[in-house]
Amino acid sequence: MIEMSSSYIIVSSITYAYKGKGLLERRGCSVFIERAPTELSKCGCHYSLRIRDYPLERALDILKKGHVRIIQYGSGDYDLP
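Residues numbered from 1 in each chain as written. Predicted model: local features only at pLDDT ≥ 70, side-chain atom pairs only at ≥ 80, totals over all residues. Heavy atoms only, no water.

A.B. asks: What is the right way to look at helix α1 (residues 14-25) in this model?
C.D. replies: Owing to its 3.6 residues per turn, the α-helix brings residues three or four apart onto one side. End to end, α1 covers 16 Å across twelve residues, agreeing with the expected 16 Å (1.5 Å per residue, within 8%). Buried residues of α1: Ala17, Gly20, Gly22, Leu23 and Leu24, and no others. Against the buried residues of α1 lie β1 (7-11), β2 (30-35), β3 (47-52) and α2 (56-65). (Helix = DSSP H or I, 4+ residues; strand = E, 2+ residues; numbered from the N terminus. Expected span 1.5 Å × (residues − 1). Buried < 20%, exposed > 50% of the residue type's maximum accessible area, 1.4 Å probe, protein only. Contact = heavy atoms within 4.5 Å.)

Below is the structure:
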């Protein structure tokens, strides 16, 4: 079953965040960029792509094919340690 709710994808830089946003929006995905929580990004340079009502697995596939460096991903709120 494909989940269609809010998800997040952590990428390694702001450059990858904007590249990923463009790739996903061209395929009909609504994307919002935000800085990743410090609990997930000790270096402070990771960013999060927040997506809604788009299958997470499809978004990950698009980003991987577009050579976007993915650090972490999940559904709903952040999975904090």
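A.B. asks: What is the right way to read unusual backbone geometry from this model?
C.D. replies: The general pattern is negative phi for most residues beyond glycine and trans for most peptide bonds. At Asp53, a residue that is not glycine, the phi angle is positive and equals roughly 50 degrees. Positive phi values are uncommon outside glycine, yet His67 reaches one of about 60 degrees. Its location among the elements puts His67 in the loop between α2 and β4 (70-75).

A.B. asks: Would you mind showing me how to read the packing of α1 against α2 here?
C.D. replies: When two helices pack together, their arrangement is captured by the angle between the axes and the distance separating the axes. As a packed pair, α1 and α2 sit with axes 10 Å apart at the nearest point and diverge in direction by 120 degrees. Between α1 and α2, the interaxial angle falls into the category oblique. Crossing geometry of α1 relative to α2 is assigned as right-handed. Listed contacts from α2 to Gly20, Leu23 and Leu24 of α1 are Ala59, Ile62 and Leu63. Considering only residue class, the contact of α1 with α2 consists of five nonpolar, one polar and no charged. (Axes fitted to C-alpha atoms, helices over the stretch in contact; angles between N-to-C directions. Parallel < 35°, antiparallel > 145°, perpendicular 65-115°, else oblique. Left-handed = near helix turned anticlockwise from the far one by under 90°. Nonpolar A, V, L, I, M, F, W, Y, C, P; charged D, E, K, R; others polar.)

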